[in-house]
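Take a look at the letters that make up each chain.
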Amino acid sequence: MFDAIPSQLLFLITSVGAVMMAIFVMFVRLRSQKNPVNEKKIIIPPIAMSTGALMFLFEEFRVAPLQILEATAIGILFSTVLIATSKFEAREGAIYLKRSKAFVLILVGLLVLRIILKLLFSNSLDVGELGGMFFILAWAMIIPWRLAMLVQFKKLKKTIVS
């Protein structure tokens, strides 16, 4: 499917796409800190992202079991950094996500690391397979992060109600 497109062009298109998504995430995250958080706002992003798993219906995106384990392990490792920088605070009877200067730096760092990894592995892996691995990595990163946020949110919510 991707054989007709030069690999350098694919790398450029997917890297620009990743940069655009990172800018979008930073914009949404910074805006969301002005509004109170609720369970839905924590749970919806991973559910919405799950539709991306439909890519695996196509042969080009399927990855080997060892690659699934590798991408999952790296995603879980990266999630620890996001968990450490996502904190809530109670204000005016509502719960808000604390503004973290580190979050933007972490997101930019993850983006740079993603591009470096893509550059390193683009010669040995097919672009679709690499896309599948990066999806698994992102999924394995967002699930533990959002679960940790949900647990932290519920603990803080209990203290407000009490």
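Residues numbered from 1 in each chain as written. Predicted model: local features only at pLDDT ≥ 70, side-chain atom pairs only at ≥ 80, totals over all residues. Heavy atoms only, no water.

**Points about the packing of helix H3 (residues 65-85) against helix H4 (residues 101-121)**
Then, in step 1: Between H3 and H4, the least distance of the axes is 10 Å, while the angle of their chain directions is 165 degrees. On the basis of their axis angle, the class for H3 and H4 is roughly antiparallel. Between H3 and H4 lies a crossing whose hand is left-handed. Two secondary-structure elements touch here, H3 through Phe78, Val81, Leu82 and Thr85 and H4 through Ala102, Phe103, Ile106, Leu110 and Leu113.
Then, in step 2: Class assignment for the residues of the contact of H3 with H4 results in eight nonpolar, one polar and no charged. (Axes fitted to C-alpha atoms, helices over the stretch in contact; angles between N-to-C directions. Helix = DSSP H or I, 4+ residues; strand = E, 2+ residues; numbered from the N terminus. Parallel < 35°, antiparallel > 145°, perpendicular 65-115°, else oblique. Left-handed = near helix turned anticlockwise from the far one by under 90°. Contact = heavy atoms within 4.5 Å. Nonpolar A, V, L, I, M, F, W, Y, C, P; charged D, E, K, R; others polar.)

**What about the pattern of salt bridges?**
Then, in step 1: In the structure shown here, the tally under the stated rule is three salt bridges.
Then, in step 2: Arginine 62 is paired through a salt bridge with glutamate 59; the nearest N and O atoms lie 2.7 Å apart.
Then, in step 3: Residue glutamate 59 is classed as exposed on the basis of its relative accessible area of 57%. (Salt bridge = Lys/Arg side-chain N within 4 Å of Asp/Glu carboxyl O. Buried < 20%, exposed > 50% of the residue type's maximum accessible area, 1.4 Å probe, protein only.)

**Side note on the environment of arginine 146**
Then, in step 1: Relative to the assigned elements, arginine 146 resides in helix H5 (residues 127-161).
Then, in step 2: In this structure arginine 146 touches Lys41, Ile42, Pro45 and Pro46, once residues within four positions along its chain are discounted.

**Section: the pairing of strand E2 (residues 94-97)**
When a strand is regular, its side chains alternate between the sheet's two faces.
Then, in step 1: Here E2 shows two buried faces, one formed by Ala94 and Tyr96 and the other by Ile95 and Leu97.
Then, in step 2: In this structure, strand E1 (residues 88-91) lies alongside E2, joined through four bridges in antiparallel fashion. Residue pairing in the sheet places arginine 91 in a bridge with alanine 94 of E2.
Then, in step 3: Two successive antiparallel strands, E1 and E2, enclose a turn made up of two residues, where glutamate 92 displays a positive phi of approximately 55 degrees. (Pairing = 2+ DSSP bridges.)

**Quick notes on the environment of leucine 110**
Then, in step 1: Within the fold, leucine 110 resides in helix H4.
Then, in step 2: Sequence-wise, leucine 110 and alanine 71 are 39 residues apart; in three dimensions their C-alpha atoms are separated by 14 Å.
Then, in step 3: If we ignore the near neighbours within four places in the chain, the residues touching leucine 110 are Phe78 and Met141.

**A few points about unusual backbone geometry**
A negative phi angle characterises most non-glycine residues, just as the trans form characterises most peptide bonds.
Then, in step 1: Positive phi is not limited to glycine here, since glutamate 92 has a value of about 55 degrees.
Then, in step 2: Locating glutamate 92 in the fold gives a position in the loop between E1 and E2.
Then, in step 3: By relative accessible area, which is 74% here, glutamate 92 ends up exposed.

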